[in-house]
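Chain residues, written in single-letter form:
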Amino acid sequence: MVSRLVLGCSTPGNAALRALDDGEVHVIDGNESRVETLRNEGIDAHAGDPTERAAIREAGPVDVVFVAGRDPAINERATAAAADALPDARLVVYFGRDATRDQRRAMRTRADRVLDEGTAVLDRLDEVTEAGVGRIRGLRTALNGVEGSLAVVPHSNPDPDAIAAAVALVRIARSVGVPADVYYHGEISHQENRALVNRLGYDLRTLGPDEVPEAEAVALVDHSEPGVNDDLPRDLVPAIVIDHHPSDGEVRGEFVDVRVGVGATSTLLTDYLRGVGLTPDPDVATGLLYGIRVDTSDFTRETTVEDLEAAGVLLPHVDRDAVAEIESPSVSGDTLDTIARAIRNRRIRGEALVSCVGAISDRDTLAQAADRLLTLEAVSTTLVCGFMSGTVYISARTRGTDVDLGATLRTAFGDIGSAGGHADMAGAQIPLGLFSEVESQAESSLTTILANVVTERFVTAIRARGG
């Protein structure tokens, strides 16, 4: 049962009281007649100053504090008082009408969630109270249940969102006494990803193919299925799964938080840092903000209120000089060569562009090529493929269309490999052995055959899904 304390009773506060019909609810409000009315309705209300720390402390312990007065100045002081008096409670704050920019900034810095005049309070109430408290409790329980050390595993060849989320989960685990480290399969080859790890000093441990980390428990971040986009055993049951990508099947784990509607896993880890009372160090905050920016394409792709709120929480702790260095790394000759071949080998079918670049030494160059090609006039969807180490890798992007790339790539390549991702950004992997009859041929012949097969399957899948 969740217990709540409401400080002030404006219209959102009253709406909350009407919606919170289970659990314990306590109210502190300065208006005696309003308090009397609430008492007549059977609500535990007390006349008092909602900014007084002693009164707030007396009402505790509670799971959630909801600051909901009319006056933004009082709400600002009540927010500060509640954060100090009940540091373990989840703090949800209504700005109040006509709150200034400074008042909003002050409240946002301390609150776990903020609501303004335009927010549908009742629509989000469950999410910002019961759901939030339940997730934090669930994560704490899962961590407390780890006997020994925890291996936090992002997906293979991790991107900034996966790296930062994994590092943040390690910090949370260590804060409750659980030894933890980040392990990953594959490589960190994208120049910006290498710059992120090196500049922020992240300690990540590499795993060989099919190698399992030496730990008693495993947590997955930014993916949700062992053996899919990592080299873990498929029958492994993770202790923790935190992700924002859709999954084809049931996600197994002792604690599972998969929120498909959120733009980045780093957003979820920012929420957990706040929930357990940790202020992110500059290296963690910088990585998380960068991860959110990359996965939402600087807040222009699949961005939610949660992503923006997380960015606001992280911004005061970010190392801005580090961000500038990470964003301007040197570009390798291989990257430029892959982009050049993608442009040269492009095939256009309507608004879709497909290009096979042949042999590659860095799979991350495919994503960079797909992004670059998406800027071409009259092109709204791009797919770039290449092969290395016995595997064909595919990266696809789209903008301003009804095409769901994740679903489209699963339709096109799921029967011969693995595929998935978001509606506007997805990827796939196919064993090169499927093309064994031509594998011994010259690279140019294999590239042409792959281009034909991939183009046909991709375009057919788009048409089959109504694109």
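Conventions adopted
- Residues take numbers from 1 onward in each chain, read along the sequence in its written order.
- Local features in a predicted model are, by the rule used here, given only for residues with pLDDT of at least 70; side-chain atom pairs are given and counted only at 80 or more, and totals for whole chains, interfaces and linings are based on all residues.
- In computing side-chain values, all of the structure's heavy atoms are included and hydrogens and water are not.
- In DSSP terms, a helix is any run of H or I states spanning at least four residues, a strand is any run of E spanning at least two, and both are numbered starting from the N terminus.
- Note on exposure labels: buried denotes an accessible area under 20% of the residue type's maximum, exposed denotes more than 50%, and partly exposed covers the range between, all computed with a 1.4 Å probe on protein chains only.
- The contact definition used throughout considers only heavy atoms, calling two residues in contact when any of these lie within 4.5 Å.
- Two strands are counted as paired when DSSP detects at least two bridges linking them.
- Between the N-to-C directions of two axes lies an angle of 0 to 180 degrees, each axis being a line fitted to C-alpha atoms and, for a helix, fitted only over the stretch in contact.
- Two cysteine sulfurs form a disulfide in these notes if their separation is within 2.5 Å.
- For the purposes of these results, a polar contact is taken to be a pair of N or O atoms within 3.5 Å, where, inside protein, one atom must be able to donate a hydrogen and its partner to accept one; residues adjacent in sequence count only when each atom of the pair is a side-chain atom.
- The salt bridge definition used is simple: a Lys or Arg side-chain nitrogen within 4 Å of an Asp or Glu carboxyl oxygen.
- Aromatic pairing here means that ring centres of Phe, Tyr or Trp (its six-membered ring) are within 6.5 Å. Orientation follows from the plane angle: under 30 degrees is stacked, over 60 is edge-to-face, and everything else is tilted.

**Q** Help me out: how do you make sense of the overall build of the protein chain in this one?
**A** Of the regular secondary structure elements, the protein chain holds 17 helices and 18 strands. Taken across its 467 residues, the protein chain has 54% of its residues classed as buried. Within the protein chain, contacts between residues at least 6 apart in sequence are counted, and of these 59% link residues at least 24 apart.

**Q** Mind showing me how you'd approach the sheet that holds strand S9 (residues 204-207) here?
**A** What holds strands together in a sheet is hydrogen bonding between their backbones, with the strands either parallel or antiparallel. Strands sit in the order S9-S8-S7-S10-S11-S12 across an open sheet of 6 strands; the sheet is parallel. Unpaired on one side and paired on the other, S9 and strand S12 (255-258) mark the two borders of the sheet. Strand-to-strand twist of the sheet, defined as the mean angle between neighbouring strand axes without regard to direction, takes the value 25°. Where strand S7 (residues 150-154) lies against strand S8 (residues 180-185), 3 bridges are found, and the strand directions are parallel. Bridge assignment links Val 152 to a residue of S8, and that residue is Val 182. Along the sheet, helix H7 (residues 160-175) contacts S7, S8, S9, strand S10 (217-221) and strand S11 (240-243); its crossing angle with S8, the most-contacted strand, is approximately 155°.

**Q** Explanation requested: the state of the cysteines in the structure shown.
**A** The bond known as a disulfide is covalent and runs between the sulfur atoms of two cysteines. Applying the stated rule across the entire model yields 0 disulfides. Here Cys 385 is not disulfide-linked; the sulfur of Cys 356 is the nearest cysteine sulfur, at 3.3 Å. Note on Cys 385: relative accessible area 0%, which makes it buried.

**Q** When you look at unusual backbone geometry in this model, what are you seeing that I'm missing?
**A** The bulk of non-glycine residues show a negative phi, and the bulk of peptide bonds are trans. Phi at Asp 210 is positive, roughly 65°, even though this residue is not glycine. When you line up the elements, Asp 210 lands in the loop between S9 and S10. Although it is not a glycine, Ser 389 sits at a positive phi angle of roughly 50°. With respect to the helices, strands and loops of the structure, Ser 389 is situated in the loop between strand S15 (381-388) and strand S16 (391-398).

**Q** Please clarify how the side chain of Thr 338 should be interpreted in this entry.
**A** Along the chain, the position of Thr 338 falls in helix H13 (residues 333-344). For Thr 338, a relative accessible area of 3% gives the class buried. A distance of 3.5 Å separates a polar atom in the side chain of Thr 338 from a polar atom in the side chain of Thr 365. Residues in contact with Thr 338, not counting those within four places in the same chain, are Val 357, Ile 360, Thr 365 and Leu 366.

**Q** For this particular structure, what's the right way to read the pattern of salt bridges?
**A** When the charged atoms of two side chains with opposite charge come close together, those side chains can pair. Counted according to the given criterion, the structure contains 21 salt bridges. Between Arg 34 and Asp 29 there is a salt bridge, and its shortest N-O distance comes to 2.8 Å. Judged by relative accessible area, which is 4%, Asp 29 ranks as buried. Three or more residues joined by partner-sharing salt bridges are found here, namely Arg 90, Arg 135, Asp 257, Arg 259 and Asp 271.

**Q** Mind showing me how you'd approach the sheet that holds strand S5 (residues 90-94) here?
**A** Read across the open sheet, the 6 strands follow the order S3-S2-S1-S4-S5-S6; overall the sheet is parallel. Of all the strands in the sheet, the pair left with one neighbour each is strand S3 (44-47) and strand S6 (113-115). This sheet shows a mean twist of 15° between the axes of neighbouring strands, independent of strand direction. Note: strand S1 (residues 3-7) against strand S2 (residues 24-29), 5 bridges, orientation parallel.

**Q** Hey, could you run me through the packing of aromatic side chains in this one?
**A** To describe a pair of aromatic rings, one takes the distance between the centres and the angle between the planes. Following the criterion strictly, the structure yields 1 aromatic pair and no others. Ring geometry for Phe 255 against Tyr 272: centres 6.3 Å apart, planes inclined by 75°, an arrangement best described as edge-to-face. A residue pair is termed long-range when its members are at least 10 positions apart, and Phe 255 in strand S12 and Tyr 272 in helix H9 (residues 265-275) qualify at 17 residues. Overall, Phe 255 belongs to the buried group, its relative accessible area being 9%.

**Q** How should the pairing of strand S17 (residues 418-421) be read in this particular structure?
**A** When a strand is regular, its side chains alternate between the sheet's two faces. In terms of strand pairing, S17 meets strand S18 (residues 425-431) through 4 bridges, oriented antiparallel. Residue Ser 418 lies in a different strand from S18, and its bridge partner there is Gln 429. Between the antiparallel neighbours S17 and S18 lie 3 residues.

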